Structures are given as C-alpha cells and as structure tokens.
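Structural overview
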Amino acid sequence: MHSSALVLFSGGQDSATCLADALTRYPRVETIGFDYGQRHHVELQQRQAVLDALRQRFPQWSQRLGPDHMIGLDALGQISDTALTRECAITLEQSGLPNTFVPGRNLVFLTFAAALAYRRGLQAIVTGVCEADYSGYPDCRDDTMKAMQVALSLGMAWRLLIETPLMWLDKAQTWQLAHRLGQQADPAGGGDALVQLIVEHSHTCYLGQRQQRHDWGYGCGQCPACQLRASGWARWRGEQGGAAPLLTTA
C-alpha cells in the first residue's frame, strides 16, 4: 500500500484540491512546482499562500505536509511559442487546440517529478489533469497518464503510481470535492473553510490578474481558465440551493 505522494502543485484550484485529497489519504506528502517562464507567474507566489493557509487552518494536514520543491524549467518556455509563455491574445489554432497549449509541458513535469520522487522515496505522483473540463490538451488525457506511468516505472525500475483524482470531474464537481475533503478533515466548518481558502489564495487566470475579485476568486474573468472556474462555481453554488456566496475572510 502506498504511503507517500508527490503532488504537482501549481497554486491553482485543481492542484490545491488534489493536494487536499493527497493529504487526506497519504501520511507523507510533498509538493513540486515548476517555473517555466509562464505568463501567469503570479501562480508561483500563490503556491506559498495556499500552503501557508493549509498548514494554519488544518493542523492535522500540516503534520503530513513535507517539503515543497521548486524546479526551474526556463528551457521549456524558451522553445514554446504559446499564449502562456508570450504576451499574445488567446486564440484557437488550426490544429483545433487553443494557443495556450504548451507542447510537452505535462510530460516534462511528470518526468522531473518522477526523478524527484525516486530520489525522495515517494511512491505516487498526484496531478490535477482532467478530461471533463479542459481545453483539449492531449497531455491531460487519461491515456497519456497511463502511458507515462508505464514509461516512467520502466525507465526508473521504480513502480510509480500516477494518480489523477480530477480526471473525470468537471469544475463544479471539483468545488464539491474540495468541500467534502475539508468537511472530512474538520466536520465543524472545514468544508466551507477549504473552499474559501481556495477561492481566496489559489490562482487560475491565464493572464495572471489578481486585481479583480469575484465570488470564485481572482482573475480577469474572460480567459478560458477563468471562465471554466467561474462556470463551475456557479453550477456548484446552484446545486447547493442558490446559497449566498461564501464570505471573504480578512
């Protein structure tokens, strides 16, 4: 049985939810982030805000949460000509993929994560990729994740598990999962507390904007990432019976 995990943690809604899920199930959890020259570089700052808030609000998780690792991957940004690594408009390309697709990004992330997991003796890698609410990125698909698990396990002679807790969830279900995980950790208000923590501290906006505060968090409100997050929030809150938005904490 696996007892340790490395979470690919960008600082966004999905990876924050995956981190909470891993902390619920694994006695030992570490995190890894990547600086590849992303346009929304602010997400790297928000990583620490999320980690600090998790440790403070959920002390039982704090005991399980180990070191955070930041890996520089400037070369990935240098060879990518995308809306996530350049100042350009977000559009749909002839291939049918949005120009926010960074070719090979998740494959590179998983390879470096596997190398670190090998060195640290961590048995599972947890990533927030998903096929339900996504932009069609081929390196987010379930088949890709299964193939990577086989390749990395063979290439390192290390039986590695790649977990994708959000693979078949839409954004509304991801909000619901976060609420359930928080409630499990602290039945006395932990569900709302974890959702509020993700709203306030995580970052998803592709343009890196944190000037505008919405019910669902900070962002431009127009890019595909903001639209997915906002629509998921609206659907989840609607399923909650039209409850008023959660209050912002000071």
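Residues numbered from 1 in each chain as written. Predicted model: local features only at pLDDT ≥ 70, side-chain atom pairs only at ≥ 80, totals over all residues. Heavy atoms only, no water.

As named in an unreviewed UniProt entry, the protein is 7-cyano-7-deazaguanine synthase, taken from Allofranklinella schreckenbergeri. Under the heading Function (unreviewed entry), UniProt records this for the protein: "Catalyzes the ATP-dependent conversion of 7-carboxy-7-deazaguanine (CDG) to 7-cyano-7-deazaguanine (preQ(0))." (UniProt positions renumbered as here; feature names shortened; annotations may be inferred.)

1. Things to note about the overall build of the protein
A count of helical and extended segments in the protein gives nine helices and seven strands. Within the protein, buried positions represent 52% of all 250 residues. Residue pairs in contact within the protein that sit at least 24 positions apart in sequence constitute 67% of those at least 6 positions apart. (Helix = DSSP H or I, 4+ residues; strand = E, 2+ residues; numbered from the N terminus. Buried < 20%, exposed > 50% of the residue type's maximum accessible area, 1.4 Å probe, protein only. Contact = heavy atoms within 4.5 Å.)

2. So, the environment of Ala-117
By the element assignment, Ala-117 lies in helix α5 (residues 105-120). As for Ala-117 and Glu-30, which are separated by 87 residues in sequence, their C-alpha atoms are 9.2 Å apart. Excluding anything up to four places from it in sequence, Ala-117 contacts Leu-6, Leu-122, Ile-125, Trp-158 and Leu-160.

3. A look at the packing of aromatic side chains
Applying the stated criterion across every chain yields a total of six aromatic pairs. Ring geometry for Phe-34 against Phe-109: centres 4.2 Å apart, planes inclined by 5°, an arrangement best described as stacked. Here Phe-34, found in strand β2 (residues 28-35), pairs with Phe-109, found in helix α5; they are 75 residues apart in sequence, far enough to count as distant. No difference in accessibility class separates Phe-34 from Phe-109, as the two residues are buried. Between the aromatic rings of Trp-233 and Trp-236, the centroid separation amounts to 5.7 Å while the plane-to-plane angle is 65°, which identifies the pairing as edge-to-face. With Trp-233 and Trp-236 both in helix α9 (residues 224-239) and three residues apart, this pair spans about one turn of that helix. (Phe/Tyr/Trp six-rings, centres within 6.5 Å; stacked < 30°, edge-to-face > 60°.)

4. Digging into α9
For α9, spanning 16 residues, the distance from its first C-alpha to its last is 22 Å, which sits close to the expected 22 Å at 1.5 Å a residue. Those residues of α9 lying buried are Ala-225, Cys-226, Arg-229, Gly-232, Trp-233, Trp-236 and Arg-237. Across the axial projection of α9, the buried residues extend over an arc of 135°, all falling on one side. Looking at the buried positions of α9, the neighbouring elements they touch are α1 (13-25), α7 (171-185), α8 (190-201) and β7 (217-218). (Expected span 1.5 Å × (residues − 1). Arc of directions from axis to C-beta.)

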